[in-house]
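# A look at the structure
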Amino acid sequence: MEGVSSLDEPLKKLLGGATAKVMADHLDLHTVGDLLHHYPRRYEERGKLTALADLPLDEHVTVVAQVADARVLTFNNGRGRRLEVTLTDGSGRLQLVFFGHGVHKPHKELLPGRQAMFAGKVSVFNRKMQLAHPTYQLLDASDADEATEAVDAFAGRLLPIYPACKQLDSWRIAKAVDAVLPSAGGAVDPLPASLREGRGFTPLPEALLKVHRPQTRADVEDAKARLKWDEAFVLQVALARRRYADTQLPAAPRRPVADGLLDAFDAKLPFTLTEGQEKVSKEIFDDLATEHPMHRLLQGEVGSGKTMVALRAMLAVVDAGGQAAMLAPTEVLAQQHHRSITEMMGELAEGGMLGGPDRGTKVVLLTGSMGTAARRQALLDLVTGEAGIVIGTHALIEDKVRFHDLGLVVVDEQHRFGVEQRDALRSKGKQPPHLLVMTATPIPRTVAMTVFGDLETSVLDQLPAGRSPIASHVVPAKDKPHFLARAWERVREEVENGHQAYVVCPRIGDDAEEAGGKGGKKAKAEKAAPEEDGDKRPPLAVLEIADELRKGPLAGLRVEVLHGRMHPDEKDDVMRRFAAGEADVLVATTVIEVGVNVPNATAMVIMDADRFGVSQLHQLRGRVGRGSAPGLCLLVSEAHEASPARARLSAVAATLDGFELSRIDLEQRREGDVLGQAQSGVRSSLRMLTVIDDEEVIAAAREEAVAIVAADPELEKLPELRTVLAALLDKEREEYLDKG
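Below or above, wherever it landed, is the structure these notes cover. What you see is a predicted model; the values in this text were computed from it and never measured.

### With respect to the overall build of the chain
For the chain, the count of helices and strands is 29 helices and 21 strands. Out of the 740 residues in the chain, the part that is buried amounts to 54%. Looking at the chain alone, contacts between residues at least 24 apart form 74% of all its contacts between residues at least 6 apart. When the accessible surface of the chain is totalled, it reaches about 32,100 Å², and 52% of it is carbon and sulfur.

### As for the packing of aromatic side chains
Scanning the model with the defined rule gives five aromatic pairs in all. On the numbers, 6.3 Å between centres and 80 degrees between planes, the contact of Phe98 with Tyr136 is edge-to-face. Taken together, the residues Phe98 in strand 4 (residues 93-99) and Tyr136 in strand 7 (residues 135-138) connect sequence positions 38 residues apart. In terms of burial, Phe98 and Tyr136 fall into one category: buried. Centroid distance Phe201 to Trp229: 5.6 Å. Interplanar angle 50 degrees. Geometry classified as tilted. Residue Phe201 is located in the loop between helix 8 (193-198) and helix 9 (204-212), and its partner Trp229 is located in helix 10 (residues 217-248); the two are separated by 28 residues in the primary sequence. Take Phe201: its relative accessible area is 16%, and that puts it in the buried class. Accessibility expressed as a relative area gives 6% for Trp229, which makes it buried. Here the aromatic residues Phe98, Phe118 and Tyr136 are joined through ring pairs into a cluster of three or more.

### Things to note about the pattern of salt bridges
Under the criterion given, the structure shown has 39 salt bridges. The partner of Asp694 in a salt bridge is Lys228, with the nearest N and O atoms 3.0 Å apart. Of this pair, Asp694 sits in the loop between helix 26 (680-683) and helix 27 (695-711) while Lys228 sits in helix 10, and the two are 466 residues apart along the sequence. With a relative accessible area of 6%, Asp694 lands in the buried category. One salt bridge connects Asp573 with Arg577, and the closest N-O pair in it is separated by 2.6 Å. Separated by four residues within a single helix, Asp573 and Arg577 lie in helix 21 (residues 568-579), roughly one turn from each other. Asp573 gets classed as partly exposed once you look at its relative accessible area, which sits at 38%. A residue is classified by how much of its surface remains accessible, and Arg577, at 23% relative accessible area, is partly exposed. Overlapping salt bridges, with partners in common, bring together Arg486, Glu489, Arg490, Glu493 and Glu494 in one network.

### Structural notes on the environment of Val180
Here Val180 is to be found in helix 7 (residues 170-180). For Val180, a relative accessible area of 0% translates into the label buried. With 171 residues separating them in the primary sequence, Val180 and Glu9 have C-alpha atoms 9.9 Å apart. Among all residues touching Val180, those that are not within four sequence positions of it are Leu11, Leu14, Val32, Leu35 and Leu36.

### A few points about unusual backbone geometry
One non-glycine residue with positive phi stands out, namely Asn76, at about 55 degrees. In this structure, Asn76 sits in the loop between strand 2 (60-75) and strand 3 (80-88). Asn76 gets classed as partly exposed once you look at its relative accessible area, which sits at 49%. At His133, a residue that is not glycine, the phi angle is positive and equals roughly 45 degrees. Overall, the relative accessible area of 41% leaves His133 in the partly exposed class.

Scoring rules and cut-offs
- Residues numbered from 1 in each chain as written.
- Predicted model: local features only at pLDDT ≥ 70, side-chain atom pairs only at ≥ 80, totals over all residues.
- Heavy atoms only, no water.
- Helix = DSSP H or I, 4+ residues; strand = E, 2+ residues; numbered from the N terminus.
- Buried < 20%, exposed > 50% of the residue type's maximum accessible area, 1.4 Å probe, protein only.
- Contact = heavy atoms within 4.5 Å.
- Areas by Shrake-Rupley, 256 points an atom, 1.4 Å probe, with all protein chains shown as cover.
- Phe/Tyr/Trp six-rings, centres within 6.5 Å; stacked < 30°, edge-to-face > 60°.
- Salt bridge = Lys/Arg side-chain N within 4 Å of Asp/Glu carboxyl O.

Take it as geometry only, folks, not as evidence of what the structure does.
Here it is, written out as structure tokens:
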């Protein structure tokens, strides 16, 4: 398999040290194979001009355009010179500026009517888009030699535009690609021959040639179809092997017993489960009854009753003689889960206490800030098996924590929970425990198949009866200040009708270290999107807003604050008082994002709403309308009406469907954020595949992968596929998948 080595060649051998160093440092490209998989972002047709009207701010761009006019201006009493060049392309105009000694060459070359490629970072000056000191390459040079060279360098009609960086323009990357293209012949093809021929795919070396140096648009499509498949397929094979390995692990089957805790719990439920809850519970109970560990992802809309489903699974495991652990990302959440679960269970949570029922079990809380005595007792209850259910933060994972017989681990809010932690908890069972991962952020199906591809998925998309609709509106505070005044009046009206309200702000305030304290990371404002950064106003803060509201529009109401820097007992106390109706308005950071359940809270005002992500806004909004009265969510923003930030808010206001929103969210952010650091090994392998658009490819690749792994788990008959997998899953990445 000498082919492997040609792609493993370090770039510095072929390109020289300086270029190779820039590629390694700034583009993370180290080998010939890396560069061959650094695909063009798009292609320009010679003579067809890019839309200057659509240039993104603050990004490194490459444009093909024509010089409309050029003039040298002097400043500083004639001591300074600057060259201003205006480009045009029919869709818009773009200004270039060159200063000082950099003026001479472009002044001679960039004459009106000339066409060139320009690369630089887009900025705004005097309200106009501009590129300062761009690098450029003439496409129709008057000097014959230069002209031929320019044409040769971009053979064919399509100019590939590569993802570039300040230190290396697109056309220099194109030159480097030319140097390594001959090595493409040595690319190892991961697709089994039968699959490749069955689907009529272009051979891999040819696909690489076509993607970098296409003669026609059809070449590009051809290459993309093939390269997308490779990415989807190799990733799905890795995940299928993971799932296969999991099915080979032993686990103790946990079947609920008749007349046990679960039956007693169901008998005292004041409502019937929704059809969705019944269906998902059955999937979970079927998994728990098998001799291999369950690995299931339970995703549900905000308020669809996931906790109820998870609790019933935990009770079934306790009935079967095991213990269940629920892992929450923060202390506030762990305390809330503990409170709501003990409330739901009532006297069944008093097992082992004097006067407690025979069938009950102890439900203990374990967090980092507990006092020594309480902690010692909790640890004792776990090791003796006295406690059937434990709810905690990552304190549960510490070495000191021992279980009597851990049968089920429920992880809440997976996207904040590292794979290492899940792994550490898993090792605490006599055999691997069953695993249920819950997420309240609906995940589009393809992302679930890619990121959580080693988990089976259950979806809860019905809201329980009695949940009210939530009306959402954008409040443009800058354009229409009276709308904001009206928002505070609405909050007053809700309170006068006996209800309560939340006001959410992106940061805490009083400018001590914003990231301080345990909840600090959450409390930090998300960075405002660049297009709103013009005025550089810091995001609004809890402490300041609470102060203004007490003195101004909400004077006379009981206004409390809640944020991540408060002591856990203090936080707990505020939440308890708010839940008991002893406060009217809670001004908080996103610590209330998940799990807070106050049915009497009907209104929410989110300040600087444009500073939050789409799914975060959806999460926050889910805190209201939890009772029988309708909910109201007001998204306050100073973002400009035409800005992407406002479009994002309008999308949130327009739908309550979390799956639809997660799709919008994914389209607006790049996949990278969504696939997240936890999967970084896998993420870096996705170059061509876009998780949101290529649903059919991913689904089809998954089917093929499952069939191949079922027939040949070790891939003995497919050495090429094994080689490519080994490269994708080098040691560190393998561990990521393992722990996932």
